[in-house]
Amino acid sequence: MSKCPIGVFDSGVGGLSVLRALRAELPYEHFVYVADSGHAPYGERDDAYLIERARAIAQWFKDRHHIKALVVACNTATAAAIHVLREAHTDIPIIGIEPALKPAVLQSTTKVIGVMATRSTLASEKFKRLMTSLEDQARFLLQPCPDLVPAIEAFDSVRIQTACAHYASALGRFGLTTGHIDTLVLGCTHYPFAEDALRRTTGNAVKYLDGGEPVARQTRRLLEAAQLLYTSREPHVGTTTLFSSGEPASLAIAAQRWLGLHSEALMLAA
Ligand code: DGL
């Protein structure tokens, strides 16, 4: 079982930001990544749709790849569907991702925190509960960014820049001065790939937080606890296999560009 792969999925190429952290944290593990680009973006979908996609992908991972753990590398799918996945698959660890509000509260000095995420994530009960539990410690300014994921999926740098300038300015003023936003939570796994464009509006003093590394550490902890870490004594490096329910060439390009991964992406029957 320890040699089985870890399944990782997102609506598209965004989850590669989590896969990057997972590969760094767990270099001996095998990963199978699914970009559900044929059904992206998830951010404007309702819960029923997201649950159905999450169910179908989890089942495919189990039937075809006998995964030993599942990482939901998508804030939107985590908020809508992780409880359903955990109920249905009690035999494997399932790790989700949520906007990094708790670390943001600890790191912020001005205690004014910007949160960018999909509309669906920001409207979810899970997110509302998280924010309510921290509201006495900081002020959160929320910004849905519906145009950003399609722009990132299309590698359209002009549209990415326009969307970032628009959404960041809409959040308010950035900087270390009292009352300004000094910490920006990237609550969608696509957004780290737009950080350079965002910084043109926010400046460099602002701290950016995404959930990739914490998710990778949590995945290691859960695998260790279940004695599922890859244990072969033979020297090897873990493999990564990519699948897309949309355009596989785009996923391969993204993986090469952002992870330096020279791998073909395969078509996933939707
Ligand atoms: N990357 C996803 C997230 O973390 C969803 C993006 C989308 O498809 O709208 O929320």
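Here is a short report on the structure shown in this document. (Residues numbered from 1 in each chain as written. Predicted model: local features only at pLDDT ≥ 70, side-chain atom pairs only at ≥ 80, totals over all residues. Heavy atoms only, no water.)

**Here we look at the overall build of the chain**
Next up, step 1: Scanning the chain for helices and strands turns up 11 helices and 10 strands.
Next up, step 2: Taking 2.2 N^0.38 as the reference for a compact globule, 270 residues should give roughly 18 Å; the C-alpha atoms of the chain span a radius of gyration of 18 Å, in line with that estimate.
Next up, step 3: Dimensions of the chain along its principal axes, counting C-alpha atoms only, are 55 × 40 × 40 Å.
Next up, step 4: Relative to all contacts within the chain whose residues are 6 or more apart in sequence, the contacts with residues 24 or more apart total 75%. (Helix = DSSP H or I, 4+ residues; strand = E, 2+ residues; numbered from the N terminus. Rg over C-alpha atoms; globule rule 2.2 N^0.38 Å. Contact = heavy atoms within 4.5 Å.)

**Overview of the sheet that holds strand β1 (residues 6-10)**
One key point about sheets: their strands pair by backbone hydrogen bonds, in either a parallel or an antiparallel sense.
Next up, step 1: Strand order in the open sheet made by the six strands is β4-β3-β1-β2-β9-β10, with parallel pairing throughout. Each edge of the open sheet carries a strand with a single partner, namely β4 (94-95) and β10 (265-267).
Next up, step 2: Together, β1, β2 (31-35), β3 (69-72) and β9 (240-244) form the strand contacts of helix α2 (residues 47-65), whose direction differs from that of β2 by roughly 145°. (Pairing = 2+ DSSP bridges. Axes fitted to C-alpha atoms, helices over the stretch in contact; angles between N-to-C directions.)

**Digging into the site of the ligand**
Next up, step 1: What surrounds the ligand is a group of 13 residues, the closest being Ser11, Tyr42, Gly43, Thr76 and His190.
Next up, step 2: A distance of 2.8 Å separates an oxygen atom of the ligand from a polar backbone atom of Thr189.
Next up, step 3: Out of a free accessible area of 300 Å², the ligand has 99% covered by protein chains. (Near = heavy atom within 4 Å. Polar contact = N/O pair within 3.5 Å; in protein donor to acceptor, adjacent residues only side chain to side chain. Areas by Shrake-Rupley, 256 points an atom, 1.4 Å probe, with all protein chains shown as cover.)

**Notes on the sheet that holds strand β5 (residues 112-117)**
Next up, step 1: Across the sheet, four strands lie side by side as β6-β5-β7-β8; this open sheet has parallel pairing. At either margin of the open sheet sits one strand with a lone partner, and together these are β6 (139-144) and β8 (207-209). Across the sheet, the axes of successive neighbouring strands diverge by a mean angle of 20°, strand direction being ignored.
Next up, step 2: Seen against the sheet, helix α8 (residues 157-171) touches β5, β6 and β7 (183-186) and runs at an angle of roughly 150° to β6.

**What about the packing of aromatic side chains?**
Two aromatic rings are characterised by how far apart their centres lie and by the angle between their planes.
Next up, step 1: On inspection of all chains with the given rule, the structure shows four aromatic pairs.
Next up, step 2: Between Trp60 and Phe243, the ring centres sit 4.9 Å apart and the planes meet at 75°, which makes this aromatic pair edge-to-face. Within this pair, whereas Trp60 is found in helix α2, its partner Phe243 is found in strand β9, the two being separated by 183 residues in sequence.
Next up, step 3: Exposure remark for Trp60: the relative accessible area of 15% places this residue in the buried category. (Phe/Tyr/Trp six-rings, centres within 6.5 Å; stacked < 30°, edge-to-face > 60°. Buried < 20%, exposed > 50% of the residue type's maximum accessible area, 1.4 Å probe, protein only.)

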